[in-house]
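As a plain string of letters, each chain reads:
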Amino acid sequence: MKPVKLLVSLLAVALSASPMAASAQQPTVIKFSHVVAIDTPKGKAAEFFAKRAGELTKGAVKVEVYANSTLYKDKEEMEALQLGAVQMLAPSLAKFGPLGVKEFEAFDLPFIFDNTAELHKVTQGPLGAALLSKLEPKGIKGLAFWDNGFKSFSANKPIYKPADFKGLKMRIQSSKVLEAQMRSMGAIPQVMAFSEVYQALQTGVVDGTENPHSNLYTQKFFEVQKNMTLTDHGYLGYAVITNKKFWEGLPADVRGQIEVAMKEATVYANKIAQEENDNALAKVKASGKTEIHTPNAAERAEFKKAMFKTHAEMASRIGKETIDAIYKETNFDPAKM
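What counts as what
Residues numbered from 1 in each chain as written. Predicted model: local features only at pLDDT ≥ 70, side-chain atom pairs only at ≥ 80, totals over all residues. Heavy atoms only, no water. Helix = DSSP H or I, 4+ residues; strand = E, 2+ residues; numbered from the N terminus. Contact = heavy atoms within 4.5 Å. Phe/Tyr/Trp six-rings, centres within 6.5 Å; stacked < 30°, edge-to-face > 60°. Buried < 20%, exposed > 50% of the residue type's maximum accessible area, 1.4 Å probe, protein only. Lys NZ or Arg CZ within 6 Å of the ring centre and 35° of its normal. Axes fitted to C-alpha atoms, helices over the stretch in contact; angles between N-to-C directions. Parallel < 35°, antiparallel > 145°, perpendicular 65-115°, else oblique. Left-handed = near helix turned anticlockwise from the far one by under 90°. Nonpolar A, V, L, I, M, F, W, Y, C, P; charged D, E, K, R; others polar. Pairing = 2+ DSSP bridges. pLDDT = per-residue confidence, 0-100. Lys, Arg positive; Asp, Glu negative; His and termini not counted. Salt bridge = Lys/Arg side-chain N within 4 Å of Asp/Glu carboxyl O. Polar contact = N/O pair within 3.5 Å; in protein donor to acceptor, adjacent residues only side chain to side chain. Expected span 1.5 Å × (residues − 1). Bend = angle between axes of the 7 residues up to and from the residue.

### A word on the environment of I241
Working step 1: Tracing the backbone through its elements, the reader meets I241 in strand β10 (residues 235-243).
Working step 2: Other than its neighbours up to four places away in sequence, I241 contacts M78, L81, Q87, M88, L89, P91, F96, L135, I140, K141 and G142.

Right, here's the structure in full:
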């Protein structure tokens, strides 16, 4: 059944006084597409949400999860959502800059968050809600922020200090902020779809990348990366989004039930993110394939100083007011840099 027909059916149910009528209708299908493996924080949270949405709506909603780019690659999925080919995504926050909502690129700024507590002051507070609302003119309804974790660098050579990145071809998501971040250390940023990264690392098309540990492990990047440095320099998170027209066409009670499922899934996602990344790092260490370096305080400060220039460089693009609002929430003092 096409989405338009499904909406008509659901609206008819909403107008009906008989709860028996709802059970006779076909379930509303929500296609939830994402580009990472099932056994990542996002993958597990998507499955959790699908289960709870079905339970809370008593089968009136069926969420079909398509993991690992099986339905759309990360370059294609946003357009698919806007066209209504899928109803739900959880893209990384870097994806909203190319869409024209550049304020989200603040999340890509290196070292803007020192820990998860600072991050959640933004994503779970009024500032996070205000950012999600900026998606609505694009036909997108923002539902929640999900954590993945903080990123580490990997490469096929030791990377202990910023100078070690000079000339390295580093894969990044499509983000002007991440381009500037890499160039701040003399690296050459290479924009590439997530599904293409393993082969590119394996064949030397790119020399390295940045990822939370769960992505690095589940995509097997550690098999083709000899070195990793645990910098925690940047955050990778997701915004769970839906097609605005589709969302507004659902009956109010169904939307409410889906919102409850999403709140539960968000708590679950953020709870398991750190655990999954810790477990993934332990497995990478156990593999013996990648030498892991933990920067000392002086090395971390050198990375922070080198990349901090990205904040000022990107202020005109992201919006200084957005960056300053994050500084205020997290008590970040740029004067101390």
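### Some words on the side chain of T229
Working step 1: Note that T229 resides in strand β9 (residues 227-229).
Working step 2: Not counting the four nearest positions on each side in its chain, T229 is found in contact with S152, F153, I159, Y160, H293, P295 and F303.

### Concerning the packing of aromatic side chains
Working step 1: Tallied over the full model, the rule gives 17 aromatic pairs.
Working step 2: Centroid distance F104 to F145: 6.4 Å. Interplanar angle 35°. Geometry classified as tilted. Here F145 lies in strand β4 (residues 140-150) and F104 lies in the loop between β3 (88-89) and α5 (116-123), a separation of 41 residues in the sequence.
Working step 3: On the accessibility criterion, F104 (0% relative accessible area) is buried.
Working step 4: Residue F145 is classed as buried on the basis of its relative accessible area, which comes to 6%.
Working step 5: Summarising the aromatic geometry, the rings of Y327 and F332 are spaced 4.7 Å apart at their centres and angled 10° between planes, so their arrangement reads as stacked. Both residues of the pair, Y327 and F332, count as buried.
Working step 6: In this structure an aromatic cluster arises from ring pairing among F96, F104, F107, F113, F145, F150 and Y235.
Working step 7: Looking at K42, its charged tip hangs above the ring of Y238, at a distance of 3.8 Å from the centre.

### A few points about the packing of helix α7 (residues 176-183) against helix α12 (residues 297-318)
Working step 1: The N-to-C vectors of α7 and α12 enclose an angle of 150°; their axes lie 9 Å apart at closest approach. By the angle between their directions, the pair α7 and α12 is classed as roughly antiparallel. The interaxial crossing formed by α7 with α12 has right-handed handedness. Judged by residue contacts, K176, V177, A180 and Q181 of α7 engage M307, T310, E313, M314, R317 and I318 from α12.
Working step 2: Among the residues forming the contact of α7 with α12, the class breakdown is 5 nonpolar, 2 polar and 3 charged.

### With respect to the pairing of strand β5 (residues 152-155)
Working step 1: The two faces of β5 match: S152 and S154 on one face and F153 and A155 on the other face are all buried.
Working step 2: As defined by bridge partners, β5 adjoins β9 across 3 bridges and the pair is classed as antiparallel. Along β9, the bridge assignment pairs S154 with M228.

### Here we look at the confidence of the model for the protein chain
If pLDDT is low for a region, its predicted coordinates should not be looked at in detail.
Working step 1: On average, residues of the protein chain carry a pLDDT of 91, and 93% of them reach 70 or more.
Working step 2: Note on residues 1-23: pLDDT is under 50 here. Beyond four places in sequence and across chains, it has 19 contacts.

### Overview of the sheet that holds β3
Strands belonging to one sheet form pairs held by backbone hydrogen bonds; the direction of such a pair is parallel or antiparallel.
Working step 1: Read across the open sheet, the 5 strands follow the order β2-β1-β3-β10-β4; overall the sheet is mixed. Two strands in the sheet have a free side with no partner beyond their single neighbour: β2 (61-66) and β4.
Working step 2: Judged from the 2 bridges that link them, β3 and β10 form a sheet pairing that is antiparallel. Directly across from L89, in β10, lies its bridge partner I241.
Working step 3: Its contacts with the sheet put helix α11 (residues 252-287) on β1 (28-33), β2, β3, β4 and β10, and the angle it makes with β4 is roughly 15°.

### Concerning the side chain of K42
Working step 1: Relative to the helices and strands, K42 resides in helix α3 (residues 41-56).
Working step 2: The side chain of K42 sits in the buried core without any salt bridge; E77 is the nearest counter-charge, 5.8 Å away.
Working step 3: From its side chain, K42 meets the backbone oxygen of A90 in a polar contact 2.7 Å long.
Working step 4: Ignoring sequence-local partners within four residues, the contact set of K42 consists of H34, V36, A90, W146 and Y238.

### Looking at α12
Structural remark: α-helix, 3.6 residues per turn; residues separated by three or four positions point the same way.
Working step 1: Compared with an ideal rise of 1.5 Å per residue, which puts 22 residues at 32 Å, α12 spans 29 Å between its outermost C-alpha atoms and is within 8% of the ideal.
Working step 2: The largest bend in α12 is about 30°, located at A306.
Working step 3: For α12, the set of buried residues is E299, F303, K304, A306, M307, F308, T310, H311, M314, A315 and I318.
Working step 4: In this structure, the buried residues of α12 make contact with β5, α7, β9, β11 (291-293) and α13 (320-330).
Working step 5: Directly after α12, the chain includes G319, whose backbone phi takes a positive value near 110°.

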